[in-house]
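# Geometric and topological summary
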Amino acid sequence: MPEFTMTIGGAAVETTAAFDVINPATGSPHAAAPDCSRAQLDAAFDAAATAYPAWRSGEATRRTALKAAADVLMAAAGGDLAATLTAEQGKPLQDARVEIMGAAIWLQHFADLEIPREVIQDDDRARVEVVRRPLGVVAAITPWNFPLILAAWKIAPALLAGNTVVLKPSPYTPLTTLKVGELLREVLPPGVLNVVSGGDDLGAWMTSHPVPRKISFTGSIETGKRVAAAAAPDLKRTTLELGGNDPAIVLDDADPALVAGRVFDQAFANNGQVCSAIKRVYVPDRLYDDVVEALAAKARSVKVGNGLDEGVQYGPVNNRPQYERVRELVADALAHGARAAAGGAPIDGPGYFFAPTILTDVAEGIRIVDEEQFGPALPVLRYTDVEDAVARANATHFGLSGSVWGTDADRAAEVAERLECGTAWVNTHLALAPHQPFGGFKWSGIGVENGTWGLAGFTEIQVVHRAKR
Ligand code: NAD
């Protein structure tokens, strides 16, 4: 039996074809993942459709199974799974453990979450109740930056609502998701969660397949548009969690050293590979040099290396195309007059390592400001008038999240509320939680995940209207 197998109908499924998974810290293959055939994808959707009627009818069973799944993942966080996540994704081992625990926390949260039922009329004429029904089979597709937690954001509410799932991780990070499929065979009825792996084609087959009624997708804007187009002819429901280019606006009453430390952490978390990481910082003239110097000092002091090594804070970029993209965007900015206050180039040696980079003397019109860099390079932009900073922050197709930083939190909140984005943070960024809905305005997405709002996305509304006369 190969080390990693797909899960279809509760059983291990091998494939004749396989593809290499590269360890980004070495640039070399370290394992092989099964390459799902079209017939096997059909089998996975069949298994999910077969499991659906029993699963949708037993809410208590679903809650018990989700709790058991949470326990399995929490126990796995201390074992080998974290090292597998580090080897395929690049993040430091401790961060890998935290991600697995996060997935467990999400499953636990949804195991206990009430499914809303609301009586909107009850008088002598009628009793009208609004209830939530599952959709059927869900196709869930995830990216490579947080393969497990982003899978949990989908699986937990989808299963609680009574749907069954076929899950496909990114070809760059399939291994931990396949392992989770294997572990959960013990606690979920066969067919309720099927895990398949393959390339981008497999994602496209899923979105055009006749069985799923809902596509829950996290990934790039470009692919998200393709998913929406594929869903349209069959009117499949979609939730799209797409890219971001989050602005952070520092106000003139901020403490530069304090804010710079926090902004750095929220920009470089997961090596900048977070959809809602800070991707551009707006700083007033008066504080510009101090904030830049504090950001650069921190960038120079952090330890970058193989995530399995002790004390490493930031790993490599996850994959070669992304690494090349970060290189290209930084080189383009430097060629257009930007200055690297820290970093600015790859780190020598094997693996996709790039020095944490702080860019100054940049503005809109430079690609690294206008596009999503999704890596360890942060442009710092200068402003004079806060109105102008807000207008520039909003002048984009992106709208995932943003933050405003200042000593007067009320004033900062007032500015934050004018950001055109799904989450507006004040004196923090990346503060996410299972009860808090998360989604993007504009091109950053359609719909939300998490909380009762995220759960609603895995349901249809049904009105039960009982006449009394
Ligand atoms: P991607 O769009 O290339 O791939 C995402 C997933 O889609 C992968 O599993 C891939 O195999 C699959 N896929 C590719 N082509 C497909 C198609 N035609 N049909 C269906 N599926 C297809 O994205 P990525 O490079 O893996 O991830 C990085 C992007 O994801 C960034 O833009 C980032 O901002 C975004 N992201 C968004 C969120 C969020 O919640 N908003 C979270 C994490 C990442």
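What you are looking at is a predicted structure, and each value in this text was computed from that prediction instead of being measured.

In this section: the site of the ligand. The full set close to the ligand counts 30 residues, and Thr142, Asp200, Ser220, Leu242 and Glu372 are the nearest of them. Thr142 places a polar main-chain atom, nitrogen or oxygen, 2.7 Å from an oxygen atom of the ligand. Within the backbone of Leu242, one N or O atom sits 2.7 Å away from a nitrogen atom of the ligand. The protein chains hide 91% of the 840 Å² of surface that the ligand would expose on its own. Those elements that place two or more of their residues in the shell around the ligand are helix H7 (200-207), strand S10 (214-218) and helix H8 (221-231). Among the elements that make up the shell around the ligand, the one with the highest residue count is H7 (four residues). Along the lines of polarity and charge, the residues of the shell around the ligand split into 14 nonpolar, eleven polar and five charged.

Here, UniProt's "active site" (unreviewed entry) annotation points to Glu241. Its location among the elements puts Glu241 in strand S11 (residues 237-241). Apart from residues no more than four positions distant in its own chain, Glu241 is found in contact with Phe217, Thr218, Gly219, Leu400, Phe438, Gly439, Gly440, Ser444, Gly447, Val448 and Glu449.

In an α-helix there are 3.6 residues to a turn, and that puts residues three or four apart on one side. Along helix H13 (residues 386-394), the residues classified as buried are Val386, Ala389, Val390, Arg392, Ala393 and Asn394. Close packing links the buried residues of H13 with strand S12 (246-250), strand S13 (278-284), strand S16 (377-383) and helix H14 (409-416). The backbone nitrogen of Glu387 lies 3.1 Å from a side-chain oxygen of the residue at the head of H13, namely Asp385.

Glancing now at the environment of Trp55. Its place among the elements puts Trp55 in helix H1 (residues 38-57). Expressed as a C-alpha distance, the spacing of Trp55 and Ala39, which sit 16 residues apart in the sequence, is 24 Å. Setting aside residues no more than four positions away along its own chain, Trp55 makes contact with Arg62, Ala65, Leu159, Gly162, Asn163, Thr164, Leu188, Pro189 and Val192. Here the side chain of Trp55 touches Leu159 through a polar contact of 3.2 Å, landing on its backbone oxygen.

Moving on, we come to the sheet that holds strand S17 (residues 401-405). Strand order in the open sheet made by the seven strands is S14-S15-S16-S13-S12-S17-S18, with mixed pairing throughout. Two strands lie at the open edges of the sheet, namely strand S14 (339-342) and strand S18 (423-426), each paired on one side alone. Sheet twist, expressed as the average angle between the axes of neighbouring strands with direction ignored, equals 25°. Here S17 runs beside S18; their pairing, made up of four bridges, is parallel. Its bridge partner lying in S18, Ser403 is registered against Trp425. Against the sheet, H14 engages S17 and S18, with an angle of about 165° to S18.

In this section: a negative patch on the surface. Judged by side-chain charge, Asp408, Asp410, Glu414 and Glu417 come together as a negatively charged surface patch. As for its placement among the helices and strands, Glu414 is situated in helix H14. The class of Glu414 is exposed, set by a relative accessible area of 58%.

With that settled, consider the sheet that holds strand S6 (residues 126-134). Within a sheet, each strand pairs with its neighbour through backbone hydrogen bonds, oriented either parallel or antiparallel. Strand order in this open sheet of three strands is S5-S6-S22, and the pairing throughout is antiparallel. If you trace the sheet from one side to the other, it starts and ends with strand S5 (118-122) and strand S22 (459-467), each paired once. Looking at each pair of strands side by side, their axes are set apart by 20° on average, direction ignored. Bridge count for S6 against S22 is nine bridges, and the pairing is antiparallel. When the sheet's bridge partners are listed, Arg132 is paired in S22 with Ile461.

Next up on the list: the packing of aromatic side chains. A full pass over the atoms with the stated rule returns six aromatic pairs. Measuring from ring centre to ring centre gives 6.2 Å for Phe264 and Tyr314, while their planes differ by 85°; the resulting arrangement is edge-to-face. Taken together, the residues span a long stretch of sequence, with Phe264 in helix H9 (residues 256-268) and Tyr314 in the loop between helix H10 (285-301) and helix H11 (320-335) at a distance of 50 residues. Summarising the burial analysis for this pair, Phe264 and Tyr314 share the class buried. Of the aromatic side chains, those joined through ring pairs into one cluster are Trp106, Trp153 and Phe438. The ring of Phe4 carries the charged tip of Lys179 above its face, separated from the ring centre by 5.2 Å. Sitting over the ring of Trp443, Lys225 keeps its end group 3.3 Å from the ring centre.

So, about the UniProt feature "domain: Aldehyde dehydrogenase" (unreviewed entry) in the chain. In the numbering used here, UniProt assigns the "domain: Aldehyde dehydrogenase" (unreviewed entry) feature to residues 17-464. Its end C-alpha atoms 49 Å apart, residues 17-464 is made of 41% helix and 22% strand.

Definitions and cut-offs
- Residues numbered from 1 in each chain as written.
- Predicted model: local features only at pLDDT ≥ 70, side-chain atom pairs only at ≥ 80, totals over all residues.
- Heavy atoms only, no water.
- Near = heavy atom within 4 Å.
- Polar contact = N/O pair within 3.5 Å; in protein donor to acceptor, adjacent residues only side chain to side chain.
- Areas by Shrake-Rupley, 256 points an atom, 1.4 Å probe, with all protein chains shown as cover.
- Helix = DSSP H or I, 4+ residues; strand = E, 2+ residues; numbered from the N terminus.
- Nonpolar A, V, L, I, M, F, W, Y, C, P; charged D, E, K, R; others polar.
- UniProt positions renumbered as here; feature names shortened; annotations may be inferred.
- Contact = heavy atoms within 4.5 Å.
- Buried < 20%, exposed > 50% of the residue type's maximum accessible area, 1.4 Å probe, protein only.
- Pairing = 2+ DSSP bridges.
- Axes fitted to C-alpha atoms, helices over the stretch in contact; angles between N-to-C directions.
- Patch = residues over 30% accessible without salt bridge, like charges linked within 9 Å, V, L, I, M, F, W, Y side chains within 5 Å.
- Salt bridge = Lys/Arg side-chain N within 4 Å of Asp/Glu carboxyl O.
- Lys, Arg positive; Asp, Glu negative; His and termini not counted.
- Charge placed at Lys NZ, Arg CZ, Asp CG, Glu CD.
- Phe/Tyr/Trp six-rings, centres within 6.5 Å; stacked < 30°, edge-to-face > 60°.
- Lys NZ or Arg CZ within 6 Å of the ring centre and 35° of its normal.

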